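A structural walkthrough
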Amino acid sequence: MACEAERRPLGVFECQLCSLTAPYSYVGQKPPNTQSIILLEESFVTKDPFTPDKDRFLILGSRCSICGRLVCVGPECSLFYSKRFCLPCVQENIHAFPQEIRQDLGKRKVPSKRPASQPSTQT
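Our subject in this report is the structure included herewith. Just so you know, these numbers come straight off a predicted model, no measurement behind them. Here the residue numbering is sequential within each chain, running from 1 through the sequence in written order. In keeping with the predicted nature of the model, local features appear solely for residues at pLDDT of at least 70, side-chain atom pairs appear and are counted solely at 80 or more, and the whole-chain, interface and lining totals rest on all residues. For side-chain calculations, the full set of non-hydrogen atoms in the structure is used, while hydrogens and water are omitted.

Take the sheet that holds strand E4 (residues 43-47) next. The rule for pairing is simple: two strands pair if DSSP sees at least two bridges between them. Helix numbers and strand numbers start at the N terminus; a helix is a DSSP run of H or I with at least 4 residues, a strand a run of E with at least 2. One open sheet holds the 4 strands; their spatial order is E3-E4-E5-E6, and the pairing between them is antiparallel. Sheet topology places strand E3 (26-28) and strand E6 (70-72) at the edges, where each strand pairs with a single neighbour. Taken over all neighbouring pairs, the strand axes of this sheet differ in orientation by 30 degrees on average, direction set aside. Sheet analysis places strand E5 (residues 57-63) next to E6, joined by 3 bridges and oriented antiparallel. Looking across to E6, one finds that Gly-61 is bridged to Cys-72. Lines fitted to C-alpha atoms define the axes, with helix axes restricted to the stretch in contact, and inter-axis angles between N-to-C directions lie between 0 and 180 degrees.

And the structure:
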């Protein structure tokens, strides 16, 4: 049986672009209960709720390496290209990214202007 401290979240992660919220249990590059995994960025991590395997985890998000905004890993909010970048900073600095990244951005869904907590008003 897992100890209580292992299950207790450290806080609640909130994406500053889409307002996604989720409790996180670790911040860093070496998630607990992993043998040889080192993440490439300081990440907000939670235990995977879909499996009883304590070695499984989900990466919620990280800070944008340009502006410091807390963003989720969703394709509408950020991308990882050697570092995490929020999409507004990518758009402002698009010339600094390789052609492949620019093409990939063209294929992505256009980000919504409303927070995720607000329902859409489709008729």
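With that settled, consider the pairing of E4. Per-residue accessibility, obtained with a 1.4 Å probe over protein chains only, is compared with the maximum for each type, and a residue is labelled buried under 20%, exposed over 50%, and partly exposed between these values. A large share of E4 lies buried, amounting to 4 of its 5 residues. Sheet analysis places E3 next to E4, joined by 3 bridges and oriented antiparallel. If you follow Tyr-26 over to E4, its bridge partner there is Val-45. Looking at chain direction, E4 and E5 are connected through 5 bridges and run antiparallel. What sits directly across from Thr-46, in E5, is Leu-58.

The next subject is the packing of aromatic side chains. For Phe, Tyr and Trp, where Trp contributes only its six-membered ring, two rings pair if their centres lie within 6.5 Å, and the inter-plane angle classes them as stacked under 30 degrees, edge-to-face over 60, or tilted in between. One pass over the full model with this rule turns up 4 aromatic pairs. Each ring, one from Phe-13 and one from Phe-44, has its centre 5.4 Å from the other, and the planes form 55 degrees; the classification is tilted. Here the residue Phe-13 occupies a position in strand E1 (residues 11-14), and Phe-44 occupies one in strand E4, the gap between them amounting to 31 residues. Note on Phe-13: relative accessible area 0%, which makes it buried. Looking at Phe-44, the relative accessible area reads 11%, which means it is buried. Within the aromatic cluster, the residues linked to one another by ring pairs are Phe-13, Tyr-24 and Phe-44.

A separate point is the side chain of Ser-43. Tracing the backbone through its elements, the reader meets Ser-43 in strand E4. Among residues more than four places away in sequence, those in contact with Ser-43 are Tyr-26, Val-27, Gly-28, Ile-59 and Gly-61. Residues are treated as being in contact if the distance between any of their heavy atoms lies within 4.5 Å.

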